[in-house]
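Descriptive structure summary
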Amino acid sequence: MPPKGKHRRPKARTLTRGFIAASTGGAALALPLIGATSATAAQPAAAEKAAPAVAAAAKKSGPTTYSVVAGDSLFKIADARSVSGGWKKLYEDNRQVIGDDPALIHPGLKLTIGEKAKTKAKTPAKAAPAERADRSETRTAVAKTTTYANNLDGWIKESLAVMAKHGIPGTYEGIHRNIMRESSGNPMAINNWDSNAVAGTPSKGLLQVIAPTFQAYHVPGTSMDSYDPVANITAACNYAADRYGSIDNVNGPY
């Protein structure tokens, strides 16, 4: 930010005093005359010179457009672009483009960074007849709900929706990749042979989470059963975000 200009109080101008003699019945009276300097006339010229500098300082950079690529998430984009307000602000500004699910962004999607995405103005609807308006007042709005398939694809998508509400980063690809390595997609998988199992806390579920970790990183609104697919995925991603920044950064035992 350019430093603020220092404003100085203009010095009092020296008044030029003179005297003029006025005759009143033969007697001369000395009357003072006050002459103004030409400083006032110079002020407009100075203001004109300062105008370009003020205009240049007030100029700000405009918003930018970002094209989503494979592996992107709103969290990752907001973090890389230093979006004030994080992924939630980025989603709020681009909700008309993304839709109701902030976890579902596809390659090629154009996001506006820096201001709310503009939408086409809608043509005002014509006023309905009075009788029709009365009937519309009695209608009850139906809340839109999202249903998810009871399979690996549905579990991941539901987990991503919960993660988005709690600000937990992660993408479909990152979650799926780690699930296939840890459990091959079996929500009832359990490891009874490694050091955790020997210590009495075997790894369980799709992302092989031990009980203490599941309890510490359990996300409100999901089941307390560590075998529950959505609860298991969400808790594991919450843990991975805390330790590695995101489940996307996990490429081996974690």
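Anyway, here's the lowdown on the structure attached to this text. (Residues numbered from 1 in each chain as written. Predicted model: local features only at pLDDT ≥ 70, side-chain atom pairs only at ≥ 80, totals over all residues. Heavy atoms only, no water.)

To continue, consider the packing of aromatic side chains. Scanning all chains against the criterion turns up 2 aromatic pairs. Between Y217 and Y239, the ring centres sit 5.4 Å apart and the planes meet at 75°, which makes this aromatic pair edge-to-face. Of the two residues, Y217 sits in helix 9 (residues 211–217) while Y239 sits in helix 10 (residues 229–244), which places them 22 residues apart along the sequence. Between Y239 and Y254, the aromatic rings sit 6.1 Å apart at their centres with planes inclined by 40°, giving tilted as the arrangement. Of the two residues, Y239 is situated in helix 10 and Y254 in the segment after helix 10; the sequence distance between them amounts to 15 residues. Accessibility expressed as a relative area gives 14% for Y239, which makes it buried. By way of ring pairs, the aromatic residues Y217, Y239 and Y254 are connected into one cluster. (Phe/Tyr/Trp six-rings, centres within 6.5 Å; stacked < 30°, edge-to-face > 60°. Helix = DSSP H or I, 4+ residues; strand = E, 2+ residues; numbered from the N terminus. Buried < 20%, exposed > 50% of the residue type's maximum accessible area, 1.4 Å probe, protein only.)

To continue, consider the side chain of S159. Relative to the helices and strands, S159 resides in helix 6 (residues 152–166). For S159, a relative accessible area of 0% puts it in the buried group. Polar contacts involving the side chain of S159 include one to the main-chain carbonyl oxygen of V230, which spans 3.4 Å. When neighbours within four sequence positions are excluded, S159 is seen to be in contact with P229, V230, I233 and T234. (Polar contact = N/O pair within 3.5 Å; in protein donor to acceptor, adjacent residues only side chain to side chain. Contact = heavy atoms within 4.5 Å.)

Moving on to helix 3 (residues 86–93). Among the residues of helix 3, W87, L90, Y91 and D93 are the ones counted as buried. The buried residues of helix 3 occupy one face: seen down the axis, they fall within an arc of 165°. Next to the buried residues of helix 3 lie helix 2 (74–80), helix 4 (95–98), strand 4 (110–113) and helix 6. (Arc of directions from axis to C-beta.)

Attention shifts here to the packing of helix 6 against helix 7 (residues 172–182). Where helix 6 contacts helix 7, the axes come no closer than 10 Å and their chain directions differ by 130°. Taken together, the axis directions place helix 6 and helix 7 in an arrangement best described as oblique. When you trace helix 6 past helix 7, the crossing you get is right-handed. Two secondary-structure elements touch here, helix 6 through L152, D153, I156, K157, L160 and M163 and helix 7 through Y172, I175, H176, I179 and M180. Residue composition of the contact of helix 6 with helix 7, grouped by class: 8 nonpolar, 1 polar and 2 charged. (Axes fitted to C-alpha atoms, helices over the stretch in contact; angles between N-to-C directions. Parallel < 35°, antiparallel > 145°, perpendicular 65-115°, else oblique. Left-handed = near helix turned anticlockwise from the far one by under 90°. Nonpolar A, V, L, I, M, F, W, Y, C, P; charged D, E, K, R; others polar.)

Treat this as a map of the structure, not an account of what it does.
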